[in-house]
Amino acid sequence: MAEHLGKTVRVEVVDVMGGGKCPSDYEVGRAWTITDHMCPSGMCAYAFNSLMPFITMLQYGGKFPWRDEPIAKICCPDADNPVVFRLTVEP
């Protein structure tokens with residue numbers, strides 16, 4: 001088991017765009033809790049790799065200059081069916 005490195009981050013699907021369907025069958029509301037740097041079961045590795053820099057920043061107390069709160073909205077790299085994820089720090 002990987003060591004807990006910082007704050008817990010919740011990753012939630014908030015939109016599936018492009019009029020298509022995510023090959024991983026993600027639907028709005030699907031969520032994962034991230035406590036380490038391992039791709040959680042059921043999450044697409046391509047999506048996880050695109051989210052990881054933002055997850056790490058939030059785990060260590062960082063925030064983005066364009067947001068007042070420590071939250072991020074990130075798209076997966078599938079240009080035909082982009083999935084939008086919201087990353088928030090768990091209390």
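Residues numbered from 1 in each chain as written. Predicted model: local features only at pLDDT ≥ 70, side-chain atom pairs only at ≥ 80, totals over all residues. Heavy atoms only, no water.

### A closer look at the nonpolar core
Phase 1 of the analysis: Among the nonpolar cores identified, the biggest contains 21 residues, and Val11, Tyr26, Trp32, Leu51, Ile55, Phe85 and Leu87 are the most heavily contacted of them.
Phase 2 of the analysis: Counting only elements with at least two residues in this core, the list comes to strand S1 (9–16), strand S2 (31–34), helix H1 (45–59), strand S3 (71–75) and strand S4 (83–89).
Phase 3 of the analysis: In terms of residues, this core owes the most to one element, H1, which gives 6 residues.
Phase 4 of the analysis: Those residues in contact with Val11 that sit more than four places away from it in its chain are Arg30, Ala31, Trp32, Ile34, Met43, Leu51, Ile55, Phe85, Arg86 and Leu87. (Core = buried A, V, L, I, M, F, W, Y, C linked by side-chain atoms within 4.5 Å. Buried < 20%, exposed > 50% of the residue type's maximum accessible area, 1.4 Å probe, protein only. Helix = DSSP H or I, 4+ residues; strand = E, 2+ residues; numbered from the N terminus. Contact = heavy atoms within 4.5 Å.)

### So, the packing of aromatic side chains
Phase 1 of the analysis: This structure, assessed with the given rule, holds 5 aromatic pairs.
Phase 2 of the analysis: Geometrically, the ring pair formed by Trp32 and Phe85 is tilted, given 6.4 Å between the ring centres and 50 degrees between the ring planes. You can see Trp32 sitting in strand S2 and its partner Phe85 sitting in strand S4, a full 53 residues away along the chain.
Phase 3 of the analysis: With a relative accessible area of 7%, Trp32 lands in the buried category.
Phase 4 of the analysis: Each ring, one from Phe64 and one from Trp66, has its centre 5.2 Å from the other, and the planes form 25 degrees; the classification is stacked.
Phase 5 of the analysis: Residue classification places Trp66 among the exposed residues on the basis of a relative accessible area of 63%. (Phe/Tyr/Trp six-rings, centres within 6.5 Å; stacked < 30°, edge-to-face > 60°.)

### Some remarks on the pattern of salt bridges
Phase 1 of the analysis: Summed over the entire model, instances satisfying the criterion amount to 3 salt bridges.
Phase 2 of the analysis: Ionic pairing is found between Arg86 and Glu12, a salt bridge with its closest N-O pair at 3.1 Å. Of this pair, Arg86 sits in strand S4 while Glu12 is found in strand S1, placing the two residues 74 residues apart along the sequence.
Phase 3 of the analysis: Judged by relative accessible area, which is 16%, Glu12 ranks as buried. (Salt bridge = Lys/Arg side-chain N within 4 Å of Asp/Glu carboxyl O.)

### Some remarks on the environment of Cys76
Phase 1 of the analysis: Along the polypeptide, Cys76 turns up in the loop between S3 and S4.
Phase 2 of the analysis: Among the residues examined, Cys76 registers a relative accessible area of 13% and is labelled buried.
Phase 3 of the analysis: Between the C-alpha atoms of Cys76 and Asn49, which are 27 residues apart in sequence, the distance is 8.9 Å.
Phase 4 of the analysis: When sequence neighbours within four positions are dropped, the list of residues in contact with Cys76 reads Ala47, Ser50, Asn81, Pro82, Val83 and Phe85.

### Focus on H1
Phase 1 of the analysis: In H1, a bend of some 45 degrees at Leu51 exceeds every other bend along the element, and Pro53, a proline, comes one to four places later.
Phase 2 of the analysis: Within H1, burial applies to Ala47, Phe48, Leu51, Met52, Ile55, Leu58 and Gln59.
Phase 3 of the analysis: Buried residues along H1 sit against S1, S2, S3 and S4.
Phase 4 of the analysis: One or two steps after H1, the chain reaches Gly61, where phi turns positive at roughly 90 degrees. (Bend = angle between axes of the 7 residues up to and from the residue.)

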